[in-house]
Amino acid sequence: MKYRTILLFGAPGAGKGTQGKILGTIPNFYHCACGDVFRNLTAESEIGRVFIEYSSRGELVPDEPTVELWQQFIVNIQRTGRFQPDTDTLVLDGIPRNVHQAEMLKNTLDVRAVFYLRCPTMNKLVERLQRRALRENRLDDANLDIIRYRLKTYERETKPVLNFYGSKVVHKIDSTQAPAEVLVDILRHINKI
């Protein structure tokens, strides 16, 4: 079965998590932030150690363990009844992170829309990430060099995912607006899907 899916897409700090949390409160939408799935791992687990090793350097966790962990998580939330693929739309944030992951998930995800949260000002993203590091005690957002490396990694590895899905499903949203305005733009497109 392919999951009816909406992707929240953009650079670190663009607001994907904020919008995902809001959309996840709407009936028949289930928000899954891949980064949160990783951050909830313990350092005692093998995949937890892998996550800490990569995230502390600002690097992406390799594709196979990322997709495997995500698939295990989705199966578990279906078992608990929190996500019901027959009626729910999956709102993904943080996966797929590159074209290879998109290829790996093409038989799993029925991507109806990609909301590309654009923030053209690099300094604004850095500011947001540093604020988030303080608020949420996020290791991967605390160091300026790591932030810059993550933003370069996004440009090099993640941004090409937009071309994978194509312009018919990609909707550009100005993420420098207030979060409520960003949400209104997203909902306007969702109503048309």
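All figures in this text were calculated on a predicted structure; none of them were measured in a lab. The residue numbering used here restarts from 1 in each chain and proceeds along that chain's sequence as written. Local features in this predicted model are restricted to residues of pLDDT 70 or higher, and side-chain atom pairs are both shown and tallied only at a pLDDT of 80 or more, whereas totals for entire chains, interfaces and linings draw on every residue. With hydrogens and water set aside, each side-chain value is computed from the structure's full complement of heavy atoms.

Asker: Would you explain the overall build of the chain in this entry?
Answerer: Secondary structure elements are taken from DSSP: a helix is a run of H or I of four residues or more, a strand is a run of E of two residues or more, and numbering for both begins at the N terminus. Helix and strand content of the chain: 9 helices and 5 strands. The secondary structure elements of the chain, listed N-terminal to C-terminal, are β-α-β-α-α-α-β-α-β-α-α-α-β-α. With respect to the three principal axes, the spread of C-alpha positions in the chain is 40 × 40 × 30 Å. In the chain, which comprises 193 residues, the proportion classed as buried is 47%. Every residue pair with non-hydrogen atoms within 4.5 Å of one another is taken to be in contact. Counted over contacts in the chain with a minimum sequence separation of 6, partners at least 24 positions apart contribute 76%. Between the averaged position of the 28 positive side-chain charges in the chain and that of its 23 negative side-chain charges there is a distance of 5 Å. Note on classification: 1.4 Å probe, protein chains only; a residue is buried when its accessible area is under 20% of the maximum for its type, exposed when over 50%, partly exposed between these limits. Counted as positive: Lys and Arg. Counted as negative: Asp and Glu. His and the chain ends are not counted at all. Charged groups are reduced to one reference atom each: NZ for lysine, CZ for arginine, CG for aspartic acid, CD for glutamic acid.

Asker: Explain helix 9 (residues 179-192) here, please?
Answerer: Because the α-helix completes a turn every 3.6 residues, residues three or four places apart line up on one side. Under the convention used throughout, the expected extent of a helix is 1.5 Å for every residue step, that is, one less than its residue count. With 14 residues, helix 9 should cover 20 Å at 1.5 Å per step; its first-to-last C-alpha distance of 21 Å lies within 8% of that length. Of all the residues in helix 9, the buried ones are V182, L183, D185, I186 and I190. Considered in projection along helix 9, the buried side chains sweep an arc of 160° and stay on one side of the axis. Counted as exposed and oriented over 90 degrees from the buried face of helix 9: A180, N191 and K192. Buried positions along helix 9 lie against strand 1 (3-9), helix 1 (16-23), strand 2 (29-33), strand 4 (109-118) and strand 5 (170-174). Throughout, the arc means that of the directions going from the helix axis to the C-beta atoms.

Asker: Mind showing me how you'd approach the pairing of strand 1 here?
Answerer: The two faces of a sheet get side chains in turn, since along a regular strand they alternate between them. Counting buried residues in strand 1 gives 6 out of 7 residues, a clear majority hidden from the surface. Only strands that DSSP links by at least two bridges are regarded as paired with each other. Where strand 1 lies against strand 3 (residues 89-93), 4 bridges are found, and the strand directions are parallel. Across the sheet, the residue bridging to I6 is V91, located in strand 3.

Asker: How should I be thinking about unusual backbone geometry in this particular structure?
Answerer: It is generally the case that most residues other than glycine have a negative phi and that most peptide bonds are trans. Following I95, the chain continues to P96 via a peptide bond in cis, the omega torsion being -5°. As for its position among the elements, P96 is in the loop between strand 3 and helix 5 (99-104). One non-glycine residue, N28, adopts positive backbone phi at about 70°.

Asker: I would appreciate a short explanation of the pattern of salt bridges in the present structure.
Answerer: Once their charged atoms are close, side chains differing in charge can pair, the charge on each being opposite to the other. Only one rule defines a salt bridge in this text: a Lys or Arg side-chain nitrogen within 4 Å of an Asp or Glu carboxyl oxygen. Taken as a whole and judged by the stated rule, the model has 5 salt bridges. With a closest N to O distance of 2.9 Å, R112 and D110 form a salt bridge. Note on D110: relative accessible area 27%, which makes it partly exposed. The partner of R188 in a salt bridge is D185, with the nearest N and O atoms 3.0 Å apart. Note that R188 and D185 are positioned in helix 9 at a spacing of 3 residues, about one turn of the helix.

Asker: Sorry, what's going on with the packing of aromatic side chains here?
Answerer: One pair of aromatic rings is described through two measures. These are the centre distance and the angle between the planes. Think of it this way: a Phe, Tyr or Trp ring, Trp meaning its six-membered ring, pairs with another when their centres are within 6.5 Å, and the plane angle makes it stacked under 30 degrees, edge-to-face over 60, tilted otherwise. Counting across every chain of the model gives 5 aromatic pairs. Considering the side-chain rings of F9 and Y154, the 6.1 Å spacing of their centres and the 50° angle between planes classify their relative orientation as tilted. Of the two residues, F9 sits in strand 1 while Y154 sits in helix 7 (residues 144-158), which places them 145 residues apart along the sequence. In this structure F9 comes out as buried when scored by relative accessible area, which is 4%.

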